Amino acid sequence: MFVSFFPKPKLFFISVLIWTGIAIAGWYTLGEAIGAALGFVNPAGARPVIGIMVFLTAPFLWFYIYYAVFAGLFYLFWRFYAPHPWLKWSVLGSALILFSIYFQVQVTVAINAWYNPFYDLLQAAMTKTRAVTLAQFYHELGVFAGLALVGMTVSVLVDFFVSHYVFRWRTAMNDYYTDHWPKLRLIEGASQRVQEDTMRFAATTEDLGTSFVQSVMTLIAFLPVLLALSVHVTELPLVGKIPYSLVFAALLWASFGTALLAIAGIKLPGLEFRNQRVEAAYRKELVYGEDSTDHAKPATLSQLFSNVRRNYFRLYFHYAYFNVARYGYLQADAVFSSLLLGPTIVAGAITFGLWRQIVNAFEQVSSSFQYLINSWTTVVELMSIYKRLRAFEATIDDDPLPAIDQRWLEAQGEPAQ
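Criteria and thresholds
Residues numbered from 1 in each chain as written. Predicted model: local features only at pLDDT ≥ 70, side-chain atom pairs only at ≥ 80, totals over all residues. Heavy atoms only, no water. UniProt positions renumbered as here; feature names shortened; annotations may be inferred. Helix = DSSP H or I, 4+ residues; strand = E, 2+ residues; numbered from the N terminus. Buried < 20%, exposed > 50% of the residue type's maximum accessible area, 1.4 Å probe, protein only. Contact = heavy atoms within 4.5 Å. Phe/Tyr/Trp six-rings, centres within 6.5 Å; stacked < 30°, edge-to-face > 60°. Core = buried A, V, L, I, M, F, W, Y, C linked by side-chain atoms within 4.5 Å. pLDDT = per-residue confidence, 0-100. Patch = residues over 30% accessible without salt bridge, like charges linked within 9 Å, V, L, I, M, F, W, Y side chains within 5 Å. Areas by Shrake-Rupley, 256 points an atom, 1.4 Å probe, with all protein chains shown as cover. Salt bridge = Lys/Arg side-chain N within 4 Å of Asp/Glu carboxyl O. Axes fitted to C-alpha atoms, helices over the stretch in contact; angles between N-to-C directions. Parallel < 35°, antiparallel > 145°, perpendicular 65-115°, else oblique. Left-handed = near helix turned anticlockwise from the far one by under 90°. Nonpolar A, V, L, I, M, F, W, Y, C, P; charged D, E, K, R; others polar.

For the protein, the name recorded in an unreviewed UniProt entry is Peptide antibiotic transporter SbmA, with Jiella flava as its organism. Among the UniProt annotations of the protein, the heading Subcellular location (unreviewed entry) holds the following wording: "Cell membrane".

Below, the structure is given as structure tokens:
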């Protein structure tokens, strides 16, 4: 699953973590100081830039250079240490995707900074506390339109690139498995695993990986913002006064939701895997029936389809109470931030713009903590695909099949490997 696309996968991913740690530590210890020494620093006393021009300020330009240097050095190391036919896509492609995630997160940070002046402008216009012209109003909307246009353009370009990235990964897996087809052809549903599961695995892994990185980057970007905004919210309902109240509440609420859904969805991965099993068996018999009258007999098809029906009904039942827990939590999450800010709002301690900025920052941080909650169904799907492809890996390496595959063989009356 990984060796076809990444060089020496175990060592590669360990080196990714180590190199990323070095890059982050270097940025926060020496990187910014080196950038300032090279002239990549905002002028002293300059007002904060709100709008798309923030991405062309000196600190942003220095980060672009810093990131490109570290990504380039990492690529050069692996190019000489372990050459791989898919190295440009697996290393440089992944680096580009990571940078695009960082940029998209920074767009949300820029929009959050825009909230305060815009909503304060709305409050001033509605309450007549100061004069607000139509030109000022449209100017602020224009600032948002610029940010939204940049975000939309980057999203479209990234989605296009990711589509090609995923297909390259699928191509690498397809070539790897077809090279070992004589060994793999006897595994149940081998054709489906090569034709379908490779694409689903690449796409799902990329989706979960980018979502995870985006959650981490969003947390890194918005946690300082929420910490700074917490000074305006010193008291929480039921709890009372507590330091860093908003961060504490976001962490506690997300931990509760993650534990709730992990318990509710614990049986889903195995059921999804078995569902692919029974579907593959039914489809295989139908395919055989196209070429031979000895297959696809009504009684056989009826039995195979009854297995499909039984497993789907079990899935429906378990997804029912899982969805009760999931949607119940998400509905409560929609009003949780307002519940927290109740005492502060009633006391009149914040303005409309500050309230909107706090709510958005809290939602961003809370959503980052809720990565597993938002991705649980995708995680379930990936685990079921992984179990199917893991049998391929075991067969290629002449290792024993996973226990779930051995149980399937025994159920079919064949000797377990």
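## Section: the overall build of the protein
Summing up its helical and strand segments, the protein has 12 helices and 2 strands in all. What you see in the protein, going N to C, is helices and strands ordered as α-α-α-α-α-α-β-β-α-α-α-α-α-α. Looking at the protein residue by residue over its 417 residues, the buried ones come to 42%. Within the protein, contacts between residues separated by at least 24 positions form 78% of all contacts whose residues are at least 6 apart in sequence.

## A word on the UniProt feature "transmembrane region" (unreviewed entry) in the protein
Per the UniProt annotation, the sites labelled "transmembrane region" (unreviewed entry) are residues 12-30, 50-77, 89-115, 143-167, 208-230, 242-266 and 335-355. Helix makes up 100% of residues 143-167 and strand 0%, with an end-to-end C-alpha separation of 37 Å. Between the C-alpha atoms that bound residues 208-230 the distance is 31 Å, and the span itself is 96% helix and 0% strand.

## Some words on the packing of aromatic side chains
By the definition in use, this model includes 44 aromatic pairs. Ring geometry for F2 versus F13: centroids 5.7 Å apart, planes at 85°, classification edge-to-face. Placement of the pair is F2 in the segment before α1 (9-37) and F13 in helix α1, with a sequence separation of 11 residues. Relative accessible area serves as the criterion here: at 33%, F13 is assigned to the partly exposed category.

## Focus on the nonpolar core
Ranked by internal contacts, the top residues of the largest apolar core, which has 74 residues, are F55, W169, I358 and F362. The leading source of residues in this core is helix α3 (residues 87-127), at 15 residues. With sequence-adjacent residues up to four places away left out, I358 is seen in contact with L226, L229, H232, V233, L246, L341 and I350. In terms of nonpolar packing, the next biggest core, distinct from the first, is built from 10 residues, L261, L315, W376 and V380 among them.

## A closer look at the confidence of the model for the protein
Counting all residues, the mean pLDDT for the protein is 79, and 88% of those residues have values of 70 or more. The element-level mean pLDDT for the protein is lowest in helix α12 (residues 403-411), coming to 54, with helix α2 (residues 58-81) highest at 92.

## Thoughts on a nonpolar patch on the surface
A surface patch of nonpolar side chains, amounting to about 480 Å² of accessible area, comprises I24, Y28, F212, V216 and I220. Counting residues per element, the ones that place at least two in the nonpolar patch are α1 and α6 (190-229). When residues in the nonpolar patch are grouped by element, the largest group, 3 residues, is from α6. One can find I24 in helix α1.

## Considerations on unusual backbone geometry
For K8, which is not glycine, the phi dihedral falls at a positive 45°. As for its placement among the helices and strands, K8 is situated in the segment before α1. For K8, a relative accessible area of 46% translates into the label partly exposed.

## Describing the environment of K8
Separated by 74 residues in sequence, K8 and A82 place their C-alpha atoms 7.6 Å apart. Contacts of K8, omitting those with residues within four sequence positions, involve W78, Y81 and A82.

## So, the packing of α1 against α2
At a closest axis distance of 11 Å, the pairing of α1 and α2 adopts a crossing angle of 150°. Overall, the two elements α1 and α2 adopt an arrangement that is roughly antiparallel. Crossing geometry of α1 relative to α2 is assigned as right-handed. Looking at the contact of α1 with α2, its residues break down into 17 nonpolar, 4 polar and 1 charged.

## A short note on the packing of α3 against helix α4 (residues 134-179)
For the pair α3 and α4, the least separation of the axes is 10 Å and the interaxial angle reads 160°. Comparing their axes, α4 and α3 come out roughly antiparallel. Considering the relative orientation of α3 and α4, their crossing is left-handed. Per-class residue counts for the contact of α3 with α4 are 22 nonpolar, 9 polar and 2 charged.

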